[in-house]
Amino acid sequence: MFTGRRAERDVLDRVVEAVRAGRSRALVVRGDPGVGKTALLHHLAEETSRAQCRLVRVVGVQSEMELAFAGLHQLCLPLLDRAGLLPAPQRDALFTAFGMVAGPPPDRFHVGLAVLSLLSAAGGDRPLICVVDDEQWLDVGSAQVLGFVARRLLADPVGLVFGARVPGDELAGLPELEVVGLPDDDARVLLESALTAPLDRRVRDLLVAEARGNPLALLELPRGLSANELAGGFGLPGAVPLAGRIEDSFRRQLNAMPETTRRLMLLASADPSGDPSLVWRAADRLGLPPDAGEPAVEAGLAEFGTHVRFRHPLVRSAVYGSAAPAEQRAVHAALAEATDVVADPDRRAWHRAQAAVGLDEQIAVELESSADRARARGGLAAAAAFHERAALLTPEPARRASRLLSATRAKRDAGAFEAAAQLLEAARAGPLTALEIAGAERLRGQIAGYLNQNRKAGQLLLEAARLFEPLDVDLARETYLEALWEIAMWTGDRHGLRREAALAARAAPAASEPAGVVDHLLDALALRFTEEFGVAAPALTRALGSYLAMDVGSEDDRRLLWFTVGPAGALLSIEMADFPAWQAVTARLVQVARDGGSLVQVEMWQHNRAQHHMHQGDLHKAARLLEENDLIGAMTGHMTGGVSAMFLAGWLGDEARAGELMKAMTDAAGARNVEVPVSYAMLAGAVLNNGLGRYEVAVRHARQGFDLDVFAVGALITPELLEAATRTGNAELADAALRWLSERADSAPSDWASGMAARGRALLSEGDAAEIGYRQSIEYLDRAGFGAQVARSHLLYGEWLRRQNRRSDARVQLRTAYEKLTAMGAQGFAERARKELVAAGETARKRTVETVTTLTSQEALVARLAHDGHTNQEIAGRMFLSSRTVQYHLRKVFTKLDISSRRELRDALPSAET
């Protein structure tokens with residue numbers, strides 16, 4: 001008797017032991033087809049039952065890959081009695097994804113949080129182990145959600161074990177158990193256990209060599225061969241890949257069975273649901289007798305019980321692949337007729353599509369309806385597949401091209417940009433209306449932007465806007481705004497493209513009345529990039545007001561906010577030096593993204609909010625947001641933190657980290673042939689080197705960034721340029737910077753602009769004028785809430801006072817600056833203040849920000865959020881954990897800090913942590 005795989009079974013036994021003890025485990029069992037993954041998962045299931053844990057199983061089926069959340073629904077269905085314990089937004093997202101309730105399309109990470117909470121709740125009742133076999137054949141939505149959940153399990157009595165041939169990206173980084181072929185001795189034992197008669201040793205060794213240790217091959221290759229073939233070894237194929245040889249063995253066994261059995265097996269192979277009632281209803285339509293499955297059951301190839309199962313996925317593929325196309329279409333037609341059109345219209349439409357002989361408009365219409373339902377459930381990949389199949393079945397060329405455009409949009413929204421580009425080329429080859437041609441060009445531009453082809457994207461969007469002009473003024477203006485923004489935020493104006501786009505936008509047809517936020521933003525930006533700032537200022541002010549008043553009650557409004565006007569509005573507040581507006585805009589964008597469940601948007605806007613906190617003087621809060629964003633980015637694969645992390649490193653005075661990020665950003669900008677990111681790197685370099693007192697380097701960075709004239713960078717980099725220029729004696733450059741600041745303060749008055757202009761005048765003045773300027777700067781910036789620059793104005797004022805030999809007055813300002821900058825964590829500027837304070841005659845010991853080194857980063861983040869008053873459930877939602885895991889982290893925090901309640905966190909956590 002064969003009893004191998006002891007080491008592999010021990011690994012799985014330890015998973016059961018850990019879950020039974022209340023600890024989460026995730027594991028990927030990987031290996032070639034037939035190598036024994038499924039057998040090991042069967043062993044895991046048996047051990048789960050013996051340990052009195054709950055078992056839930058799901059098997060991916062290749063033909064079901066395009067049905068949205070099909071695998072996830074199969075996994076969660078037995079657990080939905082615990083759905084009442086989920087927070088309402090998570091429950092709604094899950095039920096919408098499963099088509100159980102109507103609602104706006106859920107974000108897949110809201111669905112992921114729901115599944116995480118559901119598994120945690122079920123595991124709290126009884127330790128739970130979920131087994132997912134053939135993960136490579138799960139639908140995209142299910143695979144992404146389960147990968148998300150596997151990474152977030154920690155302190156829950158839940159195990160999640162996958163079997164996969166080649167794990168997808170969604171499982172990257174999870175612990176793996178690689179299953180390889182058996183050693184020769186074990187292979188011989190297994191082979192002999194399957195033989196019914198003695199076998200010549202040489203033939204046995206040839207079989208072992210051919211099977212390469214693959215258990216399924218060892219069991220199946222001899223089957224269906226005659227005694228003579230086995231005796232001489234002549235029946236063994238040599239050149240066919242191993243999986244193909246195993247399928248050939250299954251085919252030989254199948255061919256020996258009655259015709260009715262073969263047809264029933266084909267019918268079952270074409271239906272991924274495994275629903276016996278559906279299979280037998282379809283079998284009845286094909287005239288198959290009730291005992292048709294008995295030969296297959298007796299041969300161990302399939303089960304026809306409470307669930308229809310094949311012995312191995314290769315049996316299913318062998319059965320389906322060996323059938324003629326006409327036979328495949330016949331069983332799909334029978335399955336379509338047997339599928340309830342009301343209960344499962346999407347599966348019925350899919351079977352009808354597979355049964356179609358040629359083009360069929362009626363089926364194409366059904367598939368379009370399925371695509372709409374999939375999109376409504378958040379299954380974007382499934383919606384794209386339905387749209388694509390609908391297009392392929394469409395007889396009328398113009399309609400086919402239109403449906404290909406719909407498939408392109410769905411692929412774009414699903415993040416499959418390369419596939420979207422290919423579909424778009426097919427659509428453009430068909431007859432399109434003028435409006436569709438313009439829409440296709442806009443799609444080309446959007447996809448190019450997603451593929452980091454930013455200069456090309458701007459040019460394509462500009463051309464699309466021109467095509468829209470005689471057709472739809474609103475779409476033309478919206479596309480001009482997209483084009484102008486793509487160009488302004490990536491390529492800059494080195495080659496005149498930004499000015500070309502702005503002039504084209506100014507020449508576009510006027511907006512319909514009443515003008516909306518898109519119109520105000522477009523008019524303002526077009527003026528900003530073609531006229532002096534003073535000319536554009538009134539329009540920019542009007543646009544910012546329109547943006548702040550924007551209603552985001554509907555899904556369309558939210559999409560407009562996120563994808564079209566959101567970036568423009570956020571940076572417009574910086575361009576206008578309106579610090580309160582910047583705060584309001586970023587807070588609103590983050591909240592709307594959270595309410596809508598779009599974690600990609602949460603991550604994007606929290607970066608902008610983190611930058612606001614940096615200038616507010618709260619580097620610790622900015623760092624917390626970036627830590628939270630790292631969690632989101634790890635889940636979504638959408639990492640946009642380079643700019644924010646670089647700015648933070650500059651403010652912290654972290655020369656090594658800032659330098660590393662600056663180089664990465666400038667290298668990436670060069671590779672993409674864009675220049676705007678260079679200005680961000682130069683801003684970070686200017687802040688870093690002004691803080692370190694290296695003014696020659698700072699002026700070089702600031703001058704390069706200033707000369708690029710990037711939207712929303714000038715208000716931040718010009719004060720750095722002015723400070724560095726005065727310290728290096730470059731009066732001409734300092735005068736130019738002051739003129740820039742003064743023009744902004746005069747054209748668009750704000751406390752931020754006035755404070756910076758006052759400080760600039762002070763730096764270039766003497767006597768009373770300088771002192772008045774410094775005091776005004778502190779007053780204006782403090783009123784604006786611009787804490788970081790308030791501290792720096794105190795520092796510059798104190799440095800000036802010391803040079804005037806007013807040492808006592810200087811110590812007051814320098815002490816204030818030192819305390820503020822140290823509390824912020826701005827070590828470069830704080831050290832500069834400390835040295836000045838010593839020079840002014842006061843002893844000032846070098847201090848560093850106190851930290852809780854005993855806490856892990858995740859424990860520290862939980863502690864901070866708990867300190868801020870968030871409940872366990874709220875912390876779980878923000879950190880993408882279960883409430884049980886949050887409680888686990890808090891217990892560890894309390895133990896390490898030697899406290900027993902949340903109330904004690906304020907005293908236990910140093911100021912830097914709070």
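These numbers were taken from a predicted model, which means no experiment stands behind them. (Residues numbered from 1 in each chain as written. Predicted model: local features only at pLDDT ≥ 70, side-chain atom pairs only at ≥ 80, totals over all residues. Heavy atoms only, no water.)

(A) Just the packing of aromatic side chains, in detail. Counted by the stated rule, this structure contains 16 aromatic pairs. Ring centres of Phe 529 and Phe 711 lie 5.8 Å apart, and the angle between their planes is 70°; this geometry places the pair in the edge-to-face category. One end of the pair, Phe 529, is in the loop between helix 26 (517–528) and helix 27 (533–548); the other, Phe 711, is in the loop between helix 35 (695–707) and helix 36 (714–727), with 182 residues separating them in the sequence. Assigned by exposure class, Phe 529 and Phe 711 land together as buried. Ring plane angle 20° and centroid distance 4.6 Å describe the contact between Phe 579 and Phe 786, whose orientation is recorded as stacked. Of this pair, Phe 579 sits in helix 29 (residues 579–596) while Phe 786 sits in the loop between helix 39 (767–784) and helix 40 (787–803), and the two are 207 residues apart along the sequence. Classification of Phe 579 by relative accessible area gives buried; the value is 3%. Judged by its relative accessible area of 1%, Phe 786 falls in the buried class. Cluster of aromatic residues (ring-pair linked, three or more members): Phe 579, Trp 582, Trp 752 and Phe 786. (Phe/Tyr/Trp six-rings, centres within 6.5 Å; stacked < 30°, edge-to-face > 60°. Helix = DSSP H or I, 4+ residues; strand = E, 2+ residues; numbered from the N terminus. Buried < 20%, exposed > 50% of the residue type's maximum accessible area, 1.4 Å probe, protein only.)

(B) Fine view of the nonpolar core. Ranked by internal contacts, the top residues of the largest apolar core, which has 135 residues, are Val 565, Met 646, Tyr 680, Trp 752 and Leu 821. Of all the elements, helix 34 (residues 676–692) adds the most residues to this core, at nine residues. The residues touching Met 646, leaving out its near neighbours within four places in the chain, are Ala 658, Leu 661, Met 662, Met 665, Tyr 680, Ala 681 and Ala 684. If you look at the next biggest cluster of nonpolar residues, it comprises 83 residues, including Leu 94, Leu 118, Val 149 and Val 862. (Core = buried A, V, L, I, M, F, W, Y, C linked by side-chain atoms within 4.5 Å. Contact = heavy atoms within 4.5 Å.)

(C) Fine view of the packing of helix 23 (residues 454–468) against helix 24 (residues 473–491). Interhelical geometry of helix 23 versus helix 24 gives an angle of 160° and a closest axis separation of 8 Å. When the interaxial angle is binned, helix 23 and helix 24 end up roughly antiparallel. With respect to the hand of their crossing, helix 23 and helix 24 are arranged in left-handed fashion. For the pair helix 23 and helix 24, contact is made by Asn 454, Arg 455, Ala 457, Gly 458, Leu 461, Leu 462, Ala 464, Ala 465, Arg 466 and Phe 468 and by Leu 475, Ala 476, Thr 479, Tyr 480, Glu 482, Ala 483, Glu 486, Ile 487, Trp 490 and Thr 491, respectively. Residues belonging to the contact of helix 23 with helix 24 are distributed by class as follows: twelve nonpolar, four polar and four charged. (Axes fitted to C-alpha atoms, helices over the stretch in contact; angles between N-to-C directions. Parallel < 35°, antiparallel > 145°, perpendicular 65-115°, else oblique. Left-handed = near helix turned anticlockwise from the far one by under 90°. Nonpolar A, V, L, I, M, F, W, Y, C, P; charged D, E, K, R; others polar.)

(D) Representation of the pairing of strand 4 (residues 158–164) within the structure. Buried residues dominate strand 4, accounting for seven of its seven residues. Neither face of strand 4 is exposed, since Val 158, Leu 160, Phe 162 and Ala 164 on one face and Gly 159, Val 161 and Gly 163 on the opposite face are all buried. By the bridge criterion, six bridges tie strand 1 (residues 25–30) to strand 4 in an arrangement that is parallel. Within strand 4, the residue paired with Val 28 across the bridge is Phe 162. (Pairing = 2+ DSSP bridges.)

(E) Looking closely at the environment of Ala 326. Relative to the helices and strands, Ala 326 is located in helix 16 (residues 325–338). Between the C-alpha atom of Ala 326 and that of Ala 356, which follows or precedes it by 30 residues, the distance is 10.0 Å.

(F) Fine view of unusual backbone geometry. The omega angle of the peptide bond from Glu 513 to Pro 514 is -5°, so this bond is cis rather than trans. For Pro 514, the position within the fold is in the loop between helix 25 (497–506) and helix 26. Of note in this structure, Asp 898 is not a glycine but carries a positive phi near 60°. Residue placement: Asp 898 occurs in the loop between helix 45 (883–897) and helix 46 (905–908).

(G) Representation of the state of the cysteines in the model. A complete count under the given rule lists zero disulfides for this structure. No disulfide involves Cys 53; its sulfur sits 11 Å from that of Cys 130, the nearest cysteine. Classification of Cys 53 by relative accessible area gives buried; the value is 3%. Looking at Cys 76, it has no disulfide partner, and the nearest cysteine sulfur is the one in Cys 130, 8.0 Å off. What makes Cys 76 buried here is its relative accessible area of 0%. (Disulfide = S-S within 2.5 Å.)

(H) View of the sheet that holds strand 1. Across the sheet, five strands lie side by side as 2-3-4-1-5; this open sheet has parallel pairing. In the strand order of this sheet, the two ends are held by strand 2 (54–59) and strand 5 (176–178), each with one partner. Ignoring which end each strand starts from, the neighbouring axes of this sheet average 15° apart. The strands that helix 6 (residues 140–152) touches are strand 1, strand 3 (128–133) and strand 4; relative to strand 4, the one it contacts most, it runs at about 135°.

(I) Representation of the packing of helix 25 against helix 26. The contact between helix 25 and helix 26 brings their axes to 8 Å, and the two run at 130°. Here helix 25 lies oblique to helix 26, going by the angle between them. Crossing angle aside, the handedness with which helix 25 passes helix 26 is left-handed. In contact with Ala 502, Ala 505 and Arg 506 of helix 25, helix 26 contributes Leu 522, Ala 526 and Leu 527. A breakdown of the residues in the contact of helix 25 with helix 26 according to their chemical character gives five nonpolar, no polar and one charged.

(J) Local environment of the environment of Glu 675. If you trace the backbone, Glu 675 turns up in the loop between helix 33 (655–672) and helix 34. When its relative accessible area of 5% is taken as the criterion, Glu 675 is described as buried. Measuring from C-alpha to C-alpha, the distance between Glu 675 and Leu 708 comes to 7.9 Å, with 33 residues separating the pair along the chain. Beyond its immediate stretch of four places on either side in the chain, Glu 675 contacts Trp 490, Thr 491, Gly 492, Asp 493, Arg 494 and Leu 708.

(K) Geometry of the side chain of Ser 679. Residue position: Ser 679 is located in helix 34. Contact partners of Ser 679, with chain neighbours within four places excluded, come to Gly 705, Leu 708, Val 710, Val 713 and Ile 717.

(L) View of helix 16. When the terminal C-alpha atoms of helix 16 are compared, their 20 Å separation across 14 residues agrees well with the 20 Å that a helix rising 1.5 Å per residue should span. Buried residues of helix 16: Gln 328, Val 331, His 332, Ala 334, Leu 335, Ala 336 and Ala 338, and no others. Looking at the buried side of helix 16, the elements it contacts are helix 12 (259–270), helix 13 (276–285), helix 15 (313–322) and helix 17 (345–355). (Expected span 1.5 Å × (residues − 1).)

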